[in-house]
Amino acid sequence: MMAESKTRMNLVQDSTQNTGADKPLRIVGERECVLKAKDMVLHLINEGGAPSFVDLHVPKFAVGMIIGNRGATINKLQDEYGVRIQIKPDQNPEGRYRVCQILGEPTKYQNAAQKVLDLVAAV
C-alpha cells in the first residue's frame, strides 16, 4: 500500500504487545497521496481482509545481507515488490535461523519471498 500510494505509514503503539486495543495509523506524504492511502486502508478494513503474509526461516548469518547497509536492501525489496518485510526478534539465541516475515498481497509476497530466498542462496 505504501508503494502504491507513495506514502509512509506507521502504526502508533506504546509497545509491541498485542493488547487488542485499537492503534492509530499515521500516514505521511503529499495531501493527495495521503487521501489515496486513507481510502485504501478504509477499503481494506471494510472488506474485512488484511494483508496476508509468509514467514521464511533464514539463516542468522544472512539477516544482515537481507537488511543491507542502513536498510538499503530491505527498503529496495519493499518498494520493488510492494510488500512489508520484517525480521522478527530472535526468539532462540541458540538457534541457527531467524524469521523473515513478508506481508502483502499473495502474489506480491510470493515474488518477494522468492527474491529473498535467491539472495540467501547466493551467500
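As the structure is a prediction and not an experimental result, all values here were calculated from the model. (Residues numbered from 1 in each chain as written. Predicted model: local features only at pLDDT ≥ 70, side-chain atom pairs only at ≥ 80, totals over all residues. Heavy atoms only, no water.)

1. Examining unusual backbone geometry
Outside of glycine, negative phi angles account for most residues, and trans bonds account for most peptide bonds.
Logical step 1: Of note, the phi angle at Lys 6 is positive, near 60°, even though the residue is not glycine.
Logical step 2: Structurally, Lys 6 is set in the loop between α1 (2-5) and β1 (8-11).
Logical step 3: With a relative accessible area of 64%, Lys 6 lands in the exposed category.
Logical step 4: A positive phi is found at Arg 70, a non-glycine position, where the angle reads about 55°. (Helix = DSSP H or I, 4+ residues; strand = E, 2+ residues; numbered from the N terminus. Buried < 20%, exposed > 50% of the residue type's maximum accessible area, 1.4 Å probe, protein only.)

2. Here we look at the nonpolar core
Logical step 1: Ranked by internal contacts, the top residues of the largest apolar core, which has 18 residues, are Leu 56, Val 58, Val 83, Ile 85, Cys 100, Ile 102 and Val 116.
Logical step 2: Put simply, the parts of the chain that give this core at least two residues each are β3 (52-59), α3 (63-67), α4 (72-81), β4 (84-87), β5 (97-104) and α5 (106-121).
Logical step 3: A total of five residues in this core trace back to one element, the largest contributor, which is α5.
Logical step 4: Sequence-distant contacts of Leu 56, that is, excluding residues within four places in its chain, are made with Arg 98, Val 99, Cys 100, Ile 102, Ala 113, Val 116 and Leu 117. (Core = buried A, V, L, I, M, F, W, Y, C linked by side-chain atoms within 4.5 Å. Contact = heavy atoms within 4.5 Å.)

3. Quick notes on α5
Logical step 1: Taking 1.5 Å of rise per residue, 16 residues should cover 22 Å, and α5 covers 22 Å from first to last C-alpha, within 8% of that figure.
Logical step 2: Along α5, the positions that sit buried rather than exposed are Tyr 109, Ala 112, Ala 113, Val 116 and Val 120. Burial along α5 is one-sided: seen end-on, the buried residues are contained in an arc of 105°. The outward face of α5, more than 90 degrees from its buried face, is lined by the exposed residues Thr 107 and Ala 121.
Logical step 3: Contacts made by the buried residues of α5 are with β3, α3, α4 and β5. (Expected span 1.5 Å × (residues − 1). Arc of directions from axis to C-beta.)

4. Observations concerning the sheet that holds β4
Logical step 1: Taken together, three strands build an open sheet; the order of strands is β3-β5-β4 and the sheet is antiparallel. Each of the sheet's edge strands pairs with one partner strand only, and the pair in question is β3 and β4. Mean inter-strand twist for the sheet, computed between neighbouring axes without regard to direction, equals 20°.
Logical step 2: Across eight bridges, β3 lies against β5 in antiparallel orientation. Within β5, the position partnered with Phe 53 by the bridge is Leu 103.
Logical step 3: Each of β3 and β5 touches α5; the most contacted strand, β3, lies at about 5° to it. (Pairing = 2+ DSSP bridges. Axes fitted to C-alpha atoms, helices over the stretch in contact; angles between N-to-C directions.)

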